[in-house]
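What follows is the residue order along each chain.
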Amino acid sequence: MPTGSLIKTLSTLADRLTHDIVKLIDSGALEGSFADFVRLSGKNLDLRTQQYHEWRRNRLEQGVWPFSTQLQSTPGPEATVIDAAGTERTGVNFASYDYLGLSTHTEVRAAAIEAINRYGMHTAGAPILQGNSPLSLRLQEAMAEMLGLTHVVLFPTGWAAGYGVITALIRTKDHVVLDQYAHNCCVQGAMAATPHVHRVRHLSTDAFVRQLRRIRATDAENAILVVTEGIFSMNGDSPDLAALQTACREYDATLLVDTAHDLGAVGPGGTGIVGLQGLLGKVDLVIGSFSKVFAANGGFAASSSAAISEYLRAGAPSRTFSNAISPPQCAAVLKAVEIVRSAEGDLLRERVSQVAQVLRETLATSGVVCLGKPGPLVPVLLGREAVGRITAAVCFDGGVFANLIEYPAVSVGACRLRMQVMATHTSAQAQQAAKVIGWASRFAEQLLDRADPAASATASAGA
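About the thresholds
- Residues numbered from 1 in each chain as written.
- Predicted model: local features only at pLDDT ≥ 70, side-chain atom pairs only at ≥ 80, totals over all residues.
- Heavy atoms only, no water.
- Pairing = 2+ DSSP bridges.
- Helix = DSSP H or I, 4+ residues; strand = E, 2+ residues; numbered from the N terminus.
- Contact = heavy atoms within 4.5 Å.
- Axes fitted to C-alpha atoms, helices over the stretch in contact; angles between N-to-C directions.
- Salt bridge = Lys/Arg side-chain N within 4 Å of Asp/Glu carboxyl O.
- Buried < 20%, exposed > 50% of the residue type's maximum accessible area, 1.4 Å probe, protein only.
- Parallel < 35°, antiparallel > 145°, perpendicular 65-115°, else oblique.
- Expected span 1.5 Å × (residues − 1).
- Arc of directions from axis to C-beta.

(A) Structural detail: the sheet that holds strand β11 (residues 369-370). An order of β11-β12-β15-β14 is seen for the four strands of this open sheet, with the pairing classed as antiparallel. The open sheet terminates on both sides in strands that have one partner only, identified here as β11 and β14 (403-405). With three bridges connecting them, β14 and strand β15 (residues 415-420) associate as antiparallel partners. Looking across to β15, one finds that Asn-403 is bridged to Arg-418. With respect to the sheet, helix α14 (residues 343-365) is in contact with β11, β12 (377-383) and β15, its orientation differing from that of β12 by roughly 20°.

Structure representation (C-alpha cells):
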C-alpha cells in the first residue's frame, strides 16, 4: 500500500469513484472499444464518425479517457502532464520511451543546437532530391557500422521505415508472413502491398516454418517476407531470430526484424536482440526507429544488399515523398549513437536493467501480472477495459504516469499498462509506481465486483 500523503490522495479518489460507480457504469464509459467503430458506412464522413466522437466525449466527461495527454516538461523520470480534460498532475513518469535518458543529455542537446546554427532547422527537400546533408550521410555510416550491415537508408520516422520497406519491395503475388503482434507499420505495409498476408502465432518458430512450407508447396516463384521484432513492445518478449533466419534460408524467404524498442537499450554495445543473439551482419533486413533510445524522430532500414538499399532510396513511398530527416535530428542521433556504444552507454543500460528488475519485483509483490522478460518495457496485464480505465484514472490522480493500451494496439479484453523504464529512474520511483498500480488495479477490480458482481463473474469466466 502506498504511504504518506499519497494514501490521502488515493483514498479521496476512491471515495469519489465508489460513490459514482453506478453512474459511471450506467454512462457506458467503461464499455466498448475502438473496435466498435472500425467499420464505417454512409456517404457523409462527418455523420459516420459521429458515434465514435460521442463515445470518446462520454469517456472524457466521465474521467476515463487517458489518451492524448500533454507533456509540460522534459520526458524525465518526473514530469508534469495535463490530460485531455485539462487536469494537471506532477508525478513519476513511466509513459515516455526515452530509455537511456538521452533526450535531455547535455551533449545530445549541444549537438542538435550546433546543427541548427550551421544547417538550419531542416534541409527543405526530400532525400531523393536535395534533402541530404553531411550529417545524414554520416548517420547512415554510423548505423551501418553499429549493425554490421553495409547499407543504411534513412526515413522520416520509424513507422515510415516499416511501411516504406514493405510497400517498396512486395508485389501483389508475393507473400508477407508476420508474427501476430508485428507493429502496425509492417501490418499496414503488408496489407497495402499484397492480398497474401499471413499472421502466425506469437513467437512460434514452428508456426512460421509451417506457413513457409505451405506457401512454397504451391508457390515456388514469388517472394516471401517474414516479419518479426527484436522486442515486442506490448509483450516485452523476443523471438529466436537465428531459427527464423535459418528457416528463411531453407524456404528462400527474406527476414525483416524491427528493432525499434531494443536497439541501443539492450545487447552488447547496445546492439539489441540482434547483437544479443550473435547475428550482427547476418539478418537480411533490419529496420528501426530513433525515437526510443536515440533522442529524435526518424527511422532506418539496413541491409547487406546494395541493390535492395538503392531500390528503397527511390521506391519507398514514405521516404521518396517525405522531407528528409532534419540536421538537428541527425546530429542528436549521431551523438546518441556515440554514447550508446561507449562505456557510458553500458552503465545506462545496466541502470535500466536494475530499475526494471525492481519494478517487476515490486509489481509481483503487489499481485500484479507482468508480461515479457527483463528489459526497458514492463507490460502490466489488466484484461478488462473497465478495469484498465479505472486503474489508469487512479494512477494519473495518484501521480503515476503509465500508458493505458487498448484496442487496436492489443486485442479487446487484453488491455494493459505499458511501463517504460528510463536510466534516469530511481529504484524508489519504481517501487512507488508499482505500489500505486497494484493498489489501483485491486481497487478497480473490487469496485466493479461490488457494483455488478454478475457481470464481473461473467468477465472473469471468459478470461
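There's plenty left to go through after this.
(B) Molecular detail of the pattern of salt bridges. Considering all chains together, one arrives at ten salt bridges under this definition. Shared partners join several salt bridges into a network, and the residues in it are Arg-59, Arg-389 and Glu-406.

(C) Inspection of the environment of Glu-350 at higher detail. Within the secondary structure, Glu-350 is located in helix α14. Of the residues examined, Glu-350 reaches a relative accessible area of 42% and is grouped as partly exposed. For Glu-350 and Leu-100, which are 250 residues apart along the polypeptide, the C-alpha to C-alpha distance reads 9.9 Å.

(D) Fine view of the sheet that holds strand β13 (residues 400-401). The sheet built from four strands is open, its strands ordered β1-β2-β3-β13 with mixed pairing. With one partner strand each, in any of the chains shown, β1 (70-71) and β13 form the two edges of the open sheet.

(E) Spatial organisation of the packing of helix α8 (residues 205-218) against helix α9 (residues 241-250). The interhelical angle for the contact between α8 and α9, taken along N-to-C directions, is 10°, at an axis separation of 10 Å. Relative to α9, the element α8 lies roughly parallel. Residues Thr-205, Phe-208, Val-209 and Leu-212 of α8 touch α9, and the partners they reach there are Ala-243, Leu-244 and Ala-247.

(F) Layout of helix α3 (residues 50-61). For α3, with twelve residues, the first-to-last C-alpha span of 16 Å sits near the 16 Å given by 1.5 Å per residue. Burial in α3 covers these residues: Trp-55, Asn-58 and Arg-59. Each buried residue of α3 lies within a common arc of 100° when the element is viewed along its axis, so the set occupies one face. Once α3 finishes, Gly-63 follows within two positions and takes phi at roughly 80°, a positive value.

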